[in-house]
Amino acid sequence: MSDVKAYMKEWYDYLAEGKFMGLRCKKCGAIECPPYAACNTCGAHDMEWVELSGDAELVTFSRSLMGNYPYGNDDILIGWFRLAEGPLFSAEIIDGPENEEELLPKLPIKAKVEIVCIEEKNNLYFPKFRLQS
Amino acid sequence: MGKQGLQRGVSIIGAAYSHMGVQATTPELKDFSERELAATAALEAMDDAGITGQDVDAFVLGHCGPNFYAKAMSEAPFFADWFGMHGKPGWLHDEACATSVFGTQQAVAMVASGMYECVMAVNVGINTTAPLASRPPFLRAPIDNDFFWEGMYYTVEPAYDKPGNAGVGEAEAAIMGYLKQYGYSFDDYDRMMVDYLKNQNTNVLNNPKNHMSQSFEEMAKDMDCDSVDEFLLSDIFNPRVGSILRSRYLGLACDGSAAVIVCSDEFAKAHSLKTPIRITGMGAATNVIRDWGEYPMSAAKKSNGEAMGMAGITGADIDYMAIHDCCGAELILDCEQVGYLEPGQGIHAASQGRLAPDGDKPINTSGGRLQLGHPAAGALGIEIAEAVHQMRGECGPRQIDKLPKTTLISCYGAGFSEAALVLQTM
């Protein structure tokens with residue numbers, strides 16, 4: 001019998017509760033965030049939910065002048081973050097600088113997750129990150 | 001990668017690409033459906049090889065987003081007769097901008113395995129108009145910008161990779177890693193791209209398949225700019241679409257097709273009119289938007305490394321490199337990672353004239369995506385065909401001075417997929 005669960009929806013349900021979760025591989029301990037059915041470090045597929053610290057480092061960035069389809073048309077600054085638990089994660093930077101070039105020499109920059117509602121109609125919440133310096 | 005590699009020699013004996021353009025207005029494409037456009041490249045490639053569709057065992061059809069852009073599903077059988085290949089098997093696939101390389105790899109694998117003797121990888125895209133649903137596909141309506149970009153956004157994994165500005169954000173993320181590593185600025189990147197654009201403008205004006213006939217000097221003059229630099233660095237004529245990317249750095253959307261015919265050594269000996277170009281290395285990988293935050297990127301390293309390892313070459317052996325030059329990311333990432341350009345120096349290569357046909361490190365002599373155009377599926381098929389013609393000495397005014405004997409084709413496609421080929425003259 002398959003051990004695959006509705007991980008994607010479960011992750012979004014946790015986010016709606018204000019929790020930033022990852023799936024931990026029971027075999028090797030690696031974290032998958034966002035979640036997948038199998039561990040991409042060892043290939044095993046026996047996973048359990050764990051709450052993540054929300055700590056991360058910004059490693060690179062890009063400004064989207066074409067908005068945040070389909071959730072909005074405003075310019076946003078997107079960050080690529082290395083989570084404290086290991087995975088890379090891409091999400092919006094909250095209150096980022098107007099001139100993002102000033103971030104370049106300061107990388108990596110500590111950041112903390114904040115979970116926000118991105119679409120009320122579908123009760124969708126998603127992580128964003130606030131830079132800590 | 002399999003330990004045994006390719007089970008027998010496979011070579012390209014025919015390669016071609018169509019005129020690039022806009023289906024509704026460019027004379028060479030006017031009133032074409034995807035069938036005629038694919039046939040244009042396919043039949044020219046067959047002529048190049050000295051064969052017909054009767055000689056080809058199978059075809060691999062590359063077409064990006066056919067359900068969305070062309071109102072078509074499972075369409076390979078619709079194309080067979082257009083190639084003179086009635087009843088022959090066809091495979092349909094889509095790896096976005098990397099489609100042609102993946103299709104060629106599939107064709108090579110089919111021949112190398114002994115399944116077939118001769119397979120054609122043909123790739124087509126009409127990106128400026130869409131057929132009316134369930135009508136003969138010469139009846140078409142214009143695609144507006146919103147519709148085009150809606151399809152592009154489907155190349156971003158909607159489960160987790162939001163936000164993502166398809167075709168821009170991931171490239172910028174990777175480029176920032178390079179700029180940070182070597183202490184370069186946003187202006188340094190602009191300088192690289194402006195000089196690369198000039199390089200490609202010269203190439204494309206020497207390419208009879210282009211649909212642009214203006215030099216940047218003429219465009220600048222028409223827009224009352226005092227110089228090409230003023231024109232290309234203008235927020236009006238080349239506006240920003242991201243932190244560093246400008247609209248002209250993205251690629252010129254157009255319609256077009258490309259075809260590559262591969263075969264066994266025995267078939268080449270019996271049929272080929274010209275020098276067969278051997279495919280000696282192949283590599284591939286996938287990644288998603290968040291992986292572009294890793295510098296250097298492991299997926300590109302895997303793809304290029306596998307291909308070069310299979311061929312037994314290093315960067316010093318590469319005479320010509322063809323890349324997916326949208327955004328300029330590959331210019332400074334892949335070209336340096338494989339050893340074609342020196343670490344930290346790729347950003348200067350265009351400005352130094354090294355990438356031109358008479359330079360020591362030529363790249364994309366066709367005019368590339370930024371000037372010849374980006375027909376989606378056929379994008380790197382153009383570069384494979386161009387490489388074949390370069391290696392045979394057939395490129396006329398844009399011929400590389402020193403005839404290349406080893407070419408690395410390296411690309412990525414939205415989604416993302418990475419793929420690489422090594423071509424060698426044996």
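Look up: the structure comes first, before these words.
Quick summary incoming for the structure in this document. Keep in mind it's a predicted model, so treat the numbers as computed, not measured.

A few words now on the overall build of chain A. What chain A contains, in helices and strands, is 1 helix and 8 strands. Expected size for 133 residues packed as a compact globule is a radius of gyration near 14 Å; at 16 Å, chain A falls within 12% of this value. Taking the principal axes of the C-alpha coordinates as reference, chain A spans close to 50 × 35 × 20 Å. Across the 133 residues in chain A, those meeting the buried criterion constitute 46%.

Let's shift gears to the overall build of chain B. Helices and strands together make up the secondary structure of chain B, namely 16 helices and 11 strands. Considering only C-alpha atoms, chain B reaches an extent of 55 × 50 × 45 Å along its principal axes. Buried positions account for 63% of the 426 residues belonging to chain B. Across chain B, contacts joining residues at least 24 apart in sequence account for 74% of those joining residues at least 6 apart. On chain B, roughly 14900 Å² of surface is accessible, and the fraction owed to carbon and sulfur atoms is 53%. Counting 30 positive and 53 negative side-chain charges, chain B places the averaged centre of each group 4 Å from the other.

Taken together, the side chains of L132(B), F138(B) and L139(B) define a hydrophobic patch exposed on the protein surface, amounting to about 270 Å² of accessible area. Exposure remark for L139(B): the relative accessible area of 35% places this residue in the partly exposed category.

Residue and element names in this part refer to chain B. In this structure the tally under the stated criterion is 30 aromatic pairs over all chains. For the pair F59 and F83, a centre-to-centre distance of 5.4 Å together with 90° between the ring planes defines the contact as edge-to-face. Taken together, the residues F59 in strand β2 (residues 58-63) and F83 in the loop between α3 (76-80) and β3 (90-93) connect sequence positions 24 residues apart. By relative accessible area, F59 is classed as buried at 1%. For F83, a relative accessible area of 1% gives the class buried. On the basis of an interplanar angle of 55° and a centroid distance of 5.0 Å, the ring pair of Y178 and Y182 is categorised as tilted.

Residue and element names in this part refer to chain B. End to end, helix α1 (residues 34-49) covers 23 Å across 16 residues, agreeing with the expected 22 Å (1.5 Å per residue, within 8%). Listing the buried residues of α1 in full gives E34, R35, L37, A38, A39, A41, A42, A45, M46, D48 and A49. Put simply, S33 is the residue that caps the front of α1, since its side-chain oxygen is 3.1 Å from the backbone nitrogen of R35. Within two residues after α1, G50 carries a phi angle of roughly 80°, on the positive side.

Glancing now at empty space enclosed by the protein. Residue and element names in this part refer to chain B. This model, assessed by the stated rule, comprises 2 cavities of 30 Å³ or more. Space inside the second largest cavity adds up to approximately 40 Å³. Surrounding the second largest cavity, E34, H63, C64, Y69, A70, G125, I126, N127 and A376 form its lining. By residue class, the composition of the lining of the second largest cavity is 5 nonpolar, 3 polar and 1 charged.

Attention shifts here to the packing of helix α4 (residues 99-112) of chain B against helix α16 (residues 379-391) of chain B. All names here are of chain B. Relative to each other, α4 and α16 sit at 65°, their axes nearing to 5 Å. In contact with S100, V101 and T104 of α4, α16 contributes A379, L380, G381 and I384. Counted by class, the contact of α4 with α16 contains 4 nonpolar, 3 polar and no charged residues.

Every contact between the two is made by 32 residues of chain B and, on the other side, 33 residues of chain A. Interface area, chain B with chain A, both sides summed: about 2800 Å², of which 63% is carbon and sulfur. Counting the contacts that link chain B with chain A gives 0 salt bridges. Counting every contact that joins chain B to chain A gives 11 residue pairs in polar contact (both at pLDDT 80 or more).

Turning to the nonpolar core, a few remarks are in order. Ranked by size, the top nonpolar core spans 106 residues in total, and within it W11(A), F20(A), F129(A) and L179(B) carry the most contacts. Among all residues touching L179(B), those that are not within four sequence positions of it are L104(A), Y184(B), S185(B), F186(B), Y189(B) and I347(B). Counting 43 residues, the second largest nonpolar core, distinct from the first, contains Y17(B), I277(B), I279(B) and A322(B).

Residue and element names in this part refer to chain A. Read from one edge to the other, the open sheet built from 3 strands follows the order β2-β1-β3, with strand pairing classed as antiparallel. The open sheet has two free edges, formed respectively by β2 (31-32) and β3 (47-51), since each of these has just one partner strand. Direction of pairing for strand β1 (residues 21-25) relative to β3: antiparallel, over a ladder of 5 bridges. Within the sheet, the bridge partner assigned to M21 lies in β3 and is E51. Where helix α1 (residues 7-16) meets the sheet, it contacts β1 and β3, and its direction lies at approximately 15° from that of β3.

Before going further, it helps to examine the pairing of strand β4 (residues 55-64) of chain A. Residues and elements named next belong to chain A. Taking burial as the measure, the 10 residues of β4 include 7 buried ones, the bulk of the element. Here β4 runs beside strand β7 (residues 109-119); their pairing, made up of 4 bridges, is antiparallel. Bridging across to β7, E57 finds its partner in K110.

Three- or four-residue spacings in an α-helix give side chains the same orientation, since the helix completes a turn every 3.6 residues. Residue and element names in this part refer to chain B. With 14 residues, helix α6 (residues 169-182) extends 20 Å between its outermost C-alpha atoms, agreeing within 8% with the 20 Å of an ideal straight helix rising 1.5 Å per residue. The element α6 is largely enclosed, with a buried count of 11 among its 14 residues. Taken from the residues just after α6, G183 is the one with a positive phi, measuring 70°.

Right, let's get into the sheet that holds strand β1 (residues 10-17) of chain B. Residue and element names in this part refer to chain B. In space, the 9 strands of this open sheet follow the order β3-β2-β4-β7-β1-β8-β11-β10-β9, with mixed pairing throughout. If you trace the sheet from one side to the other, it starts and ends with β3 and β9 (320-323), each paired once. Across the sheet, the mean angle from the axis of one strand to that of its neighbour is 25°, orientation sign disregarded. Of the pairings in the sheet, the one linking β2 to β3 comprises 4 bridges and is parallel in character. Within β3, the residue paired with L61 across the bridge is L92. Strands in contact with helix α11 (residues 298-311) are β8 (277-286), β10 (406-413) and β11 (417-424); relative to β8, the strand with the most contacts, it is inclined by about 155°.

Residue and element names in this part refer to chain B. Relative to the elements of secondary structure, S18 occurs in the loop between β1 and α1. Residue classification places S18 among the buried positions, given a relative accessible area of 0%. Discounting chain neighbours no more than four positions away, the residues touching S18 are L37, T40, A41, K209, G256 and S257.

Definitions and cut-offs
- Residues numbered from 1 in each chain as written.
- Chains lettered and ligands numbered in written order.
- Predicted model: local features only at pLDDT ≥ 70, side-chain atom pairs only at ≥ 80, totals over all residues.
- Heavy atoms only, no water.
- Helix = DSSP H or I, 4+ residues; strand = E, 2+ residues; numbered from the N terminus.
- Rg over C-alpha atoms; globule rule 2.2 N^0.38 Å.
- Buried < 20%, exposed > 50% of the residue type's maximum accessible area, 1.4 Å probe, protein only.
- Contact = heavy atoms within 4.5 Å.
- Areas by Shrake-Rupley, 256 points an atom, 1.4 Å probe, with all protein chains shown as cover.
- Lys, Arg positive; Asp, Glu negative; His and termini not counted.
- Charge placed at Lys NZ, Arg CZ, Asp CG, Glu CD.
- Patch = residues over 30% accessible without salt bridge, like charges linked within 9 Å, V, L, I, M, F, W, Y side chains within 5 Å.
- Salt bridge = Lys/Arg side-chain N within 4 Å of Asp/Glu carboxyl O.
- Phe/Tyr/Trp six-rings, centres within 6.5 Å; stacked < 30°, edge-to-face > 60°.
- Expected span 1.5 Å × (residues − 1).
- Polar contact = N/O pair within 3.5 Å; in protein donor to acceptor, adjacent residues only side chain to side chain.
- 1 Å grid on protein atoms, 1.4 Å probe; cavity = no way out; pocket = protein on both sides within 12 Å on 5 of 7 lines; lining within 4 Å.
- Points joined across faces, edges and corners; volume = space filled by probe spheres on them.
- Nonpolar A, V, L, I, M, F, W, Y, C, P; charged D, E, K, R; others polar.
- Axes fitted to C-alpha atoms, helices over the stretch in contact; angles between N-to-C directions.
- Buried area = accessible area lost by both parts, 1.4 Å probe.
- Core = buried A, V, L, I, M, F, W, Y, C linked by side-chain atoms within 4.5 Å.
- Pairing = 2+ DSSP bridges.

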